[in-house]
Amino acid sequence: MITLENFTELKDAIRIDGSEDDSVLTLLLNAAKGYLEGAGVPEAKISEETLDLYKQALIIYLEMDYEYDEKKIPRLERSFNRILLQLKAGVSYD
């Protein structure tokens, strides 16, 4: 299970130092995982082969919340949607 504590790349990716925002980041991380689950990509079905892609989707989802440059949002959305499609294709329902 991915948590803020074991997902060290997250803070690096969205350029947050320290722990002041940890409660908000945990909330947003859980919301991102919930969104992906609702979109057909449950965390429990993520394989080792798709784990990095899943983490990338979580990072981009949170970047959309933290991005202040409106011009970058459409690019992040396109990236997120491409990754979401890849994950949906790669999730195994054996």
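To be clear, the structure that these remarks concern was listed above.
Here's a quick rundown of the structure. Quick caveat: nothing in here was measured; it's all calculated off a predicted structure.

1. Re a negative patch on the surface
- Among the surface-exposed residues, Asp-12, Asp-17, Glu-20 and Asp-21 lie close enough to one another that they form a single negatively charged patch.
- Relative to the assigned elements, Asp-21 resides in the loop between α1 (8-13) and α2 (22-38).

2. Details of the pattern of salt bridges
- Applying the stated rule across the entire model yields 3 salt bridges.
- Across the pair Asp-22 and Lys-11 runs a salt bridge, and its minimum N-O distance is 2.6 Å. With a gap of 11 residues between them, Asp-22 in helix α2 and Lys-11 in helix α1 connect regions that are remote in the sequence.
- Exposure remark for Asp-22: the relative accessible area of 23% places this residue in the partly exposed category.
- Between Lys-33 and Glu-43 there is a salt bridge, with the nearest N and O atoms lying 3.3 Å from each other.

3. Considerations on the packing of aromatic side chains
- All chains considered together, the criterion is met by 3 aromatic pairs.
- Their ring planes at 55 degrees and their centres at 5.7 Å tell us that Tyr-35 and Phe-80 sit as a pair that is tilted. Taken as a pair, Tyr-35 in helix α2 and Phe-80 in helix α4 (residues 73-90) lie far apart in primary sequence, 45 residues in all.
- With a relative accessible area of 3%, Phe-80 lands in the buried category.
- Taken together, a centroid distance of 5.7 Å and an interplanar angle of 55 degrees make the contact between Tyr-61 and Phe-80 tilted. Placement of Tyr-61 in helix α3 (residues 51-66) and of Phe-80 in helix α4 is noted, with a sequence separation of 19 residues between them. We note that Tyr-61, like Phe-80, is buried.
- Here the aromatic cluster, defined as three or more aromatic residues joined through ring pairs, consists of Tyr-35, Tyr-61 and Phe-80.

So, how was this worked out
- Residues numbered from 1 in each chain as written.
- Predicted model: local features only at pLDDT ≥ 70, side-chain atom pairs only at ≥ 80, totals over all residues.
- Heavy atoms only, no water.
- Patch = residues over 30% accessible without salt bridge, like charges linked within 9 Å, V, L, I, M, F, W, Y side chains within 5 Å.
- Areas by Shrake-Rupley, 256 points an atom, 1.4 Å probe, with all protein chains shown as cover.
- Salt bridge = Lys/Arg side-chain N within 4 Å of Asp/Glu carboxyl O.
- Lys, Arg positive; Asp, Glu negative; His and termini not counted.
- Charge placed at Lys NZ, Arg CZ, Asp CG, Glu CD.
- Helix = DSSP H or I, 4+ residues; strand = E, 2+ residues; numbered from the N terminus.
- Buried < 20%, exposed > 50% of the residue type's maximum accessible area, 1.4 Å probe, protein only.
- Phe/Tyr/Trp six-rings, centres within 6.5 Å; stacked < 30°, edge-to-face > 60°.

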